[in-house]
Amino acid sequence: MTIKSIEKAILYHQNLYDKGKPKISDKQFDVLVANLQRRSPDSPVLDQLGKPLRTEKIQHHTSMLSLQKFYVVANVETWGKKTGETLFAIQPKYDGVALSLRYEKGKLVHAATRGDGEEGDDVTRRALLCPDIPKRIKERRSVEIRGELIMQSTVFEDMFEGEFANARNAVAGNLMRRSGRTDVIKACSFFAYDLLIKKMFDFDTRMKALGDLKFMPTHTAFVVSTAVGEKLNAFSKSFREFDYAMDGLVIKVCSYKIQEEVGYTSHHSRWACALKFRGDTARTTILDVTWQVSRNGTLTPVAELDPVDLDGVTISRATLHHLGRFRMFAPRKGDVVTLARRGGVIPHIEAIETGKGKKIKVPKVCPSCEGSLRVEKDFLKCCEPECDSALIRKLRHWANTTGMDCWGPEVIQALYDAGDLTHPDGFYELGHADIERLDGFGMDSSTTLIEEMEKTRSMPLDTLITALGIPLIGKTIAKRIAKAIPDIESFGFVDMDVPGVGQSRINALRDWIIDHGDLLERLLEVVDVIPIVRPDIEGPLAGKNFVFTGRLSDMERSEAQHLVCKYGGDVAGGVTKATNYLVVGDLAKDSQLTKRNKAEKYGVTIISETEFASMLAEAMTENE
Ligand SMILES: [Zn+2]
């Protein structure tokens, strides 16, 4: 096919598609487009395809209203009091694309974006690419599932960093475009945050029903009204630990009766509100720009900054995303930059005030492998297929995920350059001499580094799975898988259904295990993997939910929690209506008293460590 004939074919099929009479599948269409992109990247036809799809509009059965926004916890508390509710649900406010999925007689009829709240765009076909959105569900009644299509941060970093400015852009840009990339949507997660049905239930029942329908329910904390403020503060501090970008929290009234009573304005519902995280900004100067090579060979410019505090976190680097943006800013050493956190997690350069410093140049060769570079639109790419930075990134990912503190990029790079460290199992074969040989690393550093490495000789199964850096398998997914499987090796060879994990992710893990059997085998020789003990439904503690507070004197809390799970019980972080036992160690802090007060309020049995120990002893004998 000549370039001209490809262009003609694309325009012809695009036209048919716009008229709603496609003759070829989306996949075949994508192949045509990819072909043209490769052979004639500057073709004007590609620009025409860049426009968003002209989609069917879908009228929402129930409006997708926006949320009233607060910036201060106290205002949320006042709002809560006004509703008269005693139990609230707290969920993350994602920075993704909100979707409404409508199912009739168990079948997905459409997936629509929020649009203007009254009607949104029909994105059904593309949404179905996401492994978490099922075509069919086991519910005959008409239901609407609301949730957010997002890309987890680890997945973004692993697969698409350098190609899109951020995870949200990747999702939104590829969901609405016909020639959008299917691999992007396939790598997305869909977190369900509400279920609408004719006869409505209380919110906690709705969230549970989402899980029963095999959706991935949004992380939700249920708290009593008096504890809302405390929980929001705790969340605001820990939100960076989550594996996705969020820009606030959503607080919802639990009781359906009260939800109806407090009602709606034309703009927002009164039964839910949002607490937006503070959008602090900070100013500092650019010291230099380094270029990081991502797994797919794209070079990302990263500004090295004079360390500055932003929202309580020290920031010393910020991404400039790609060559296009780098050229736009044309940074010089000493330029003053304004940083902000957009979407919560990653610091973003908002503005640069150009000074008189030395101009920072675009590299001529790959900083990682010294191979030649090429420019593709806004992106700078390494031409070397075996560019070694991919291996280094894997090593760094291993060290970060398993918690080898002190193992910075410099030492990993140096050991890699010396040929002493090429794969993750290599960490465990390093001796003091290997490190002390390196420039700038003496006996002290070798001792610390080896100690840190030794610490990771045993790790929970989910940490191992995350640390392997498998595409599509982020922290959250790894946790779900680890809970469901006895050990990782056998997983490659058995068929398995993991709750809350789509088939394509399971396949991704299985393919990885089969392709990397050698590495896995070597790793399992050097590290001990602690299985996440599957709660045994038949176990002596089955159906019992434990919460711990205070320090235990005879065992670590993690050990106690592990034992509860082993004998069939469940462990939770906070006291809820579902809690059966609150195990109280030494009470020192106010937060521990809060748990205790809550337990008393809910009529939860409060037991001491000794009572807990004898319960365990009984469970052990029963189990033998
Ligand atoms: Zn390279």
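Thresholds, definitions, all that
- Residues numbered from 1 in each chain as written.
- Predicted model: local features only at pLDDT ≥ 70, side-chain atom pairs only at ≥ 80, totals over all residues.
- Helix = DSSP H or I, 4+ residues; strand = E, 2+ residues; numbered from the N terminus.
- Buried ≥ 20, exposed ≤ 12 C-beta atoms within 10 Å, placed from the backbone.
- Pairing = 2+ DSSP bridges.
- Contact = placed C-beta atoms within 7 Å.
- Axes fitted to C-alpha atoms, helices over the stretch in contact; angles between N-to-C directions.
- Parallel < 35°, antiparallel > 145°, perpendicular 65-115°, else oblique.
- Left-handed = near helix turned anticlockwise from the far one by under 90°.
- Core = buried A, V, L, I, M, F, W, Y, C linked by C-beta atoms within 7 Å.
- Domains from an automatic or database assignment.
- Nonpolar A, V, L, I, M, F, W, Y, C, P; charged D, E, K, R; others polar.
- Arc of directions from axis to C-beta.
- pLDDT = per-residue confidence, 0-100.

Let's talk about the overall build of the protein chain
Each helix and strand in the protein chain was counted, giving 24 helices and 25 strands. Looking at the protein chain residue by residue over its 624 residues, the buried ones come to 35%.

A word on the sheet that holds strand S9 (residues 216-217)
Read across the sheet, 5 strands follow the order S5-S4-S7-S8-S9 without closing on themselves; strand pairing throughout is mixed. Strand pairing shows two members of the sheet lacking a second neighbour, strand S5 (107-113) and S9, which therefore form its edges. Running at roughly 125° to strand S7 (residues 143-150), helix H7 (residues 167-175) makes contact with strand S4 (97-104) and S7 of the sheet. Most of the contacts of helix H9 (residues 203-212) go to strand S8 (residues 189-197), to which it runs at about 125°, and overall it touches S7, S8 and S9.

Here we look at the sheet that holds strand S11 (residues 246-253)
Strand pairs in the sheet, formed through backbone hydrogen bonds, run parallel or antiparallel to each other. With respect to topology, 5 strands assemble into an open sheet ordered S2-S12-S11-S3-S10, the strand pairing being mixed. A strand with exactly one partner marks an edge of an open sheet, and here the two such strands are strand S2 (66-70) and strand S10 (221-224). Going across the sheet, the axis of each strand differs from the next one's by a mean of 35°, ignoring polarity. Against the sheet, helix H10 (residues 228-238) engages strand S3 (87-94), S10, S11 and strand S12 (268-276), with an angle of about 20° to S3.

Digging into the packing of helix H13 (residues 389-402) against helix H14 (residues 409-417)
Between H13 and H14, the least distance of the axes is 10 Å, while the angle of their chain directions is 135°. One way to sum up the angle between H13 and H14 is to call them oblique. Once H13 is placed against H14, the crossing between them reads as right-handed. Contact residues: H13 offers Ile392, Leu395, Arg396 and Ala399, while H14 offers Pro409, Ile412, Gln413 and Tyr416.

Some points on the nonpolar core
Nonpolar side chains tend to gather and get buried jointly when the protein is soluble and globular. Ranked by size, the top nonpolar core spans 92 residues in total, and within it Val171 and Ile251 carry the most contacts. Two domains each put at least three residues into this core: domain 2 (57-276) and domain 4 (387-533). With residues near it in sequence (within four places) discarded, Ile251 still touches Val76, Phe88, Ile90, Val228, Ala272, Cys273 and Leu275.

What to know about unusual backbone geometry
Even without being glycine, Lys105 reaches a positive phi, approximately 45°. Of note, Lys105 is situated in the loop between S4 and S5. One non-glycine residue, Glu370, lies in the positive phi region at around 65°. Here Glu370 shows up in the loop between strand S17 (347-353) and strand S18 (373-376).

Overview of the packing of helix H4 (residues 73-83) against H10
Viewed as axis vectors pointing N to C, H4 and H10 meet at an angle of 145°, and their least axial separation amounts to 9 Å. Relative to H10, the crossing made by H4 is right-handed. Where H4 approaches H10, its residues Val73, Val76, Glu77 and Gly80 are matched on the opposing element by Val228, Gly229, Leu232 and Asn233. The residue inventory of the contact of H4 with H10, partitioned by class, reads 4 nonpolar, 3 polar and 1 charged.

Some remarks on H10
Those residues of H10 that fall on the buried side of the exposure criterion are Val228, Lys231, Leu232 and Phe235. Projected onto a plane normal to the axis of H10, the buried residues spread over an arc of 100° and lie on a single side. H10 presents Asn233 and Lys237 as exposed residues on the side facing more than 90 degrees away from its buried surface. As for H10, its buried residues are in contact with H4, S3, S10, S11 and S12.

As for the environment of Asp42
Examined against the element boundaries, Asp42 turns out to sit in the loop between helix H2 (26-39) and helix H3 (44-49). Looking at Asp42, the number of C-beta atoms within 10 Å reads 8, which means it is exposed. With 335 residues separating them in the primary sequence, Asp42 and Lys377 have C-alpha atoms 8.9 Å apart.

Structural notes on the environment of Lys595
If you trace the backbone, Lys595 turns up in helix H23 (residues 590-602). With 47 residues separating them along the chain, Lys595 and Phe548 place their C-alpha atoms 8.9 Å apart. The residues contacting Lys595, other than those within four sequence positions of it, are Val547, Thr549, Val575 and Leu582.

Quick look at the confidence of the model for the protein chain
Of all residues in the protein chain, 89% have pLDDT values of 70 or greater, and the mean over the chain is 83. Here helix H19 (residues 488-491) stands out as the element of the protein chain with the lowest mean pLDDT, 68, in contrast to S7, whose mean of 95 is the highest.

Examining the pairing of strand S14 (residues 298-310)
Across 7 bridges, the pairing between strand S13 (residues 281-293) and S14 is antiparallel. Each bridged residue has a counterpart across the sheet, and for Thr290 the counterpart in S14 is Val302. Strand direction decides the pairing type here: S14 and strand S19 (residues 379-382), joined by 2 bridges, are antiparallel. Its bridge partner lying in S19, Leu299 is registered against Leu380. Bridge count for S14 against strand S15 (residues 313-319) is 6 bridges, and the pairing is antiparallel. From the neighbouring strand, Val302 faces S15, where its bridge partner is Thr319.

Brief notes about the environment of Glu384
Its location among the elements puts Glu384 in the loop between S19 and H13. On the neighbour-count criterion, Glu384 (18 C-beta atoms within 10 Å) is partly exposed. Along the chain, Glu384 and Gly371 lie 13 residues apart, while their C-alpha atoms are 5.7 Å from each other.

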